[in-house]
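# Observations on the three-dimensional arrangement
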Amino acid sequence: MSLAEKYPQEVKEIFAKYPPEQKRSAVMPLLYLAQREEGYVTKEAMQDIADLIEIGVTEVAAIIGFYTLYHDEKAGKYRMQVCTDLPCALRGADEFLANLCDNLGIQVGETTPDGLVTLEEVKCLAGCDKAPMFQLQSGEGIEYHENMTVDKTLELIEALHKGDKEVS
Amino acid sequence: MAYVLLRHRDIPDIDRIDVYKKNGGFEAFEKAVAAMQPGEVTEVVKASGLRGRGGAGFPTGMKWAFMDKNNWPHYVVANADESEPGTFKDREIMERNPFQFLEGVAIASYAVGANAAYVYLRGEFWQVARFLDEKIAEMEKAGFLGDKLFGTEYSLRIYTHLGAGAYICGEETALLESMEGKRGQPRVRPPFPPSYGLYGKPTVVNNVETLANVPFIVANGADAYRKYGTEKSPGVKVFSLSGNVNKPGNYELPLGATFRELIFEHGGGIPDGRKIKAIMPAGASSSLIIANDKALDTPMDYESVPDVGAQLGSASVIVVDDSVDMDWLINKTIEFFKHESCGKCTPCREGTYWMAHLTERIHSGEATMQDVDLLNDVARQIQGKTLCALGEFSTMAVVTAIERFPEDFEKRLASGDKHG
Ligand SMILES: Cc1cc2nc3c(=O)[nH]c(=O)nc-3n(C[C@H](O)[C@H](O)[C@H](O)COP(=O)(O)O)c2cc1C
Ligand code: SF4
Ligand code: FES
């Protein structure tokens, strides 16, 4: 099923935001929509978007490549994106991330063996006063977690694992 | 003193439309639409002396007056990209006092004759965008957005648009490219957005905090606003305070408050009995100020900060204590700029790459004095040669770290080469 068949209402609402002759503006929200199920944009979805807004599929791919929140490869169900930029680093973010890696037994860029969490390092997320902090990105959206400790993070992962918690 | 911008700290549930209304909400918008000409609104904002809070400090009323009246439609775009490391003020305004910001967007739209406005949020602000969507829907329901507002012919709609993780999209022309569905790379200027903006149409791009000031100005007049701040930098500012400080957070203070007041009175000083070493007043894009008494007593306004060798910029004050070495610090900032360079022009793309190679080498203790000199040269060669300010920003901390904290570099050089 194409994107427009799967999400007719959403696609309609997205296009309604922009002038009718400016279809191309819809590319960013459409890419988020395409990521909803798998957490990344599949080749088919890229083609769907290209057709919907009448641009070439390579242009869609170039946009995916330009922005950090679009992905063209599968990763864990959740991308745990820890900020280690300067203000957070001044408040211990590098140590936090190193400890987290040790506890999870994975390196930055790797995924927990159960396929749940991919650990990533990112730039400032506008939460510098609440370091250490990270965001969880899934197909469904992005959620901030601030003033974190390694213990609290492990608890969160456990809750995600059990399915007690969903990210909105 | 009552808050002007962070009013949720006085009135916690001001994010509810009934509470916002009860506290004077939308009166300024109604006054503008029902009782003022668009040009009059622009005049009041001009007279208030409000300057853009996104970093450049450009006079807001003047920008609105530049809109090309021979080319329609007009657009307003609120810049909610907020990606400068150390900046988190727009987020608090949108999350806690959303209607005041949206009312500012609405008044700006009326003033420049726009019937559609967009809020461009960084992609990470996914939840903020959803929240604003709800608030926009509430405004439509209450008759503050839509057709024929306040019984006039004026109509307005506001939409959110989510970016997807790219610092450069905070630069206003890159932001417009991104909104048009392209890669977010800056345009060659001129023309500037008030003559050639979104979809090639005249567009005002203003920062979230800038717009949040507007309802107060229109409701109370320019003189009331000028009671805050200094002659040339009137008004209040939200300072994002981060780094080695006891109480990081946002602080709304009049422009012209000193670094000492912000860091020691409000921010509770430096943790663990350490001493303050340096201040970056404009986030990672900032020059490093040596935090001596003169610097601490400097007023934080657009005119005074240059006296101590930096710019006020977005007023994201990063505090650095004496346990931090500058070779480490610039390695962090360069890593950021290397990652965020959009690649459109060579000096920035190659320069940030080259600087990152050198800062990494210096920080790892393998470098000689020649490497430090080379780093300084590379940084200086980037300056003045880039299409947008990001290239320039990337060099500020590097050049001032080497100039103002040379001992940190000498200490790190490969042994036996202290004087290389
Ligand atoms: C690299 C770069 C990043 C920027 N990021 C932001 C930002 O995140 N938010 C913002 O409001 N302005 C940012 N600006 C400034 C904008 O280009 C523009 O000057 C501003 O949005 C104008 O609004 P103002 O006059 O209300 O400040 C950035 C500029 C540059 C060069
Ligand atoms: S200075 Fe850097 S970010 Fe700006 S246009 Fe050039 S390459 Fe892009
Ligand atoms: S530096 Fe980490 S959120 Fe700003």
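Computed from a prediction, not measured in an experiment: that's the story for all the values here.

## A look at the site of ligand 2
Around ligand 2, the surrounding shell holds 13 residues, and the nearest of these are Cys342, Lys344, Cys345, Cys348 and Cys388 of chain B. Residues belonging to the shell around ligand 2 are distributed by class as follows: 8 nonpolar, 4 polar and 1 charged.

## Examining the interface of chain B and chain A
Taken together, the contacts link 58 residues of chain B with 41 residues of chain A. Across the interface of chain B and chain A, roughly 3900 Å² is buried in total on both sides, 59% from carbon and sulfur atoms. For the interface between chain B and chain A, the tally reads 3 salt bridges. Applying the counting rule to chain B against chain A returns 22 residue pairs in polar contact (both at pLDDT 80 or more). For the side of chain B that touches chain A, the elements supplying multiple residues, two or more each, are β2 (114-121), α7 (126-141), β3 (157-162), α8 (172-179), β5 (236-243), β9 (316-321) and α13 (326-340) of chain B. With 8 residues, α13 of chain B is the largest single contributor of residues to the side of chain B that touches chain A. Classifying every residue of the side of chain B that touches chain A gives 27 nonpolar, 19 polar and 12 charged.

## Observations regarding the nonpolar core
Generally speaking, soluble globular proteins have nonpolar side chains that are buried together. With 131 residues, the main nonpolar core has Trp64, Phe101 and Leu121 of chain B as its most contacted residues. In terms of residue count, helix α6 (residues 98-112) of chain B provides more of this core than any other element does, 10 residues in total. Once residues within four sequence positions are removed from consideration, Trp64 of chain B is found in contact with Val41, Thr42, Val45, Ala108, Ala111, Val112, Val204, Asn206, Leu211 and Val214 of chain B. Among the nonpolar cores identified, the runner-up in size contains 33 residues, and Ala89 of chain A together with Ala278, Ile334 and Leu413 of chain B belong to it.

## Digging into the confidence of the model for chain B
Residues of chain B with pLDDT of at least 70 account for 99%, and the chain-wide mean is 97. Of the two predicted TM-score estimates for the complex, the pTM is 0.97 and the ipTM is 0.97.

## Thoughts on the environment of Gly365 of chain B
Residue and element names in this part refer to chain B. Within the secondary structure, Gly365 sits in the loop between α14 (346-363) and α15 (369-382). Judged by relative accessible area, which is 23%, Gly365 ranks as partly exposed. Along the primary structure Gly365 and Phe409 are separated by 44 residues, whereas in three dimensions their C-alpha atoms are 9.4 Å apart. Leave out the neighbours within four places in its chain, and Gly365 touches Arg412, Leu413 and Ala414.

## Considering the site of ligand 1
All names here are of chain B. As a structural note, the neighbourhood of ligand 1 is formed by 19 residues, with Gly54, Lys63, Asn206, Asn207 and Thr210 the closest of them. A distance of 2.9 Å separates an oxygen atom of ligand 1 from a polar side-chain atom of Asn79. Contact with the protein chains hides 91% of the accessible area of ligand 1, taken as 610 Å² for the molecule alone. For the shell around ligand 1, the secondary-structure elements that each account for two or more residues are β4 (203-207) and α16 (389-404). Of the residues in the shell around ligand 1, the class split is 5 nonpolar, 8 polar and 6 charged. When residues are assigned to domains, the shell around ligand 1 turns out to be shared by domain 1 (7-226) and domain 3 (326-415), each giving three or more.

## Brief notes about α8 of chain B
α8 of chain B sits mainly inside the fold: 7 of its 8 residues count as buried. Among all positions of α8 of chain B, only Thr173, Ala174, Leu175, Leu176, Glu177, Ser178 and Met179 of chain B are buried. Looking at the buried positions of α8 of chain B, the neighbouring elements they touch are α3 (27-35) of chain A together with β1 (74-80), β2, β3 and β4 of chain B. At the exit of α8 of chain B stands Gly181 of chain B, carrying a positive phi of roughly 90 degrees.

Each value, and the rule that gives it
Residues numbered from 1 in each chain as written. Chains lettered and ligands numbered in written order. Predicted model: local features only at pLDDT ≥ 70, side-chain atom pairs only at ≥ 80, totals over all residues. Heavy atoms only, no water. Near = heavy atom within 4 Å. Nonpolar A, V, L, I, M, F, W, Y, C, P; charged D, E, K, R; others polar. Contact = heavy atoms within 4.5 Å. Buried area = accessible area lost by both parts, 1.4 Å probe. Salt bridge = Lys/Arg side-chain N within 4 Å of Asp/Glu carboxyl O. Polar contact = N/O pair within 3.5 Å; in protein donor to acceptor, adjacent residues only side chain to side chain. Helix = DSSP H or I, 4+ residues; strand = E, 2+ residues; numbered from the N terminus. Core = buried A, V, L, I, M, F, W, Y, C linked by side-chain atoms within 4.5 Å. Buried < 20%, exposed > 50% of the residue type's maximum accessible area, 1.4 Å probe, protein only. pLDDT = per-residue confidence, 0-100. Areas by Shrake-Rupley, 256 points an atom, 1.4 Å probe, with all protein chains shown as cover. Domains from an automatic or database assignment.

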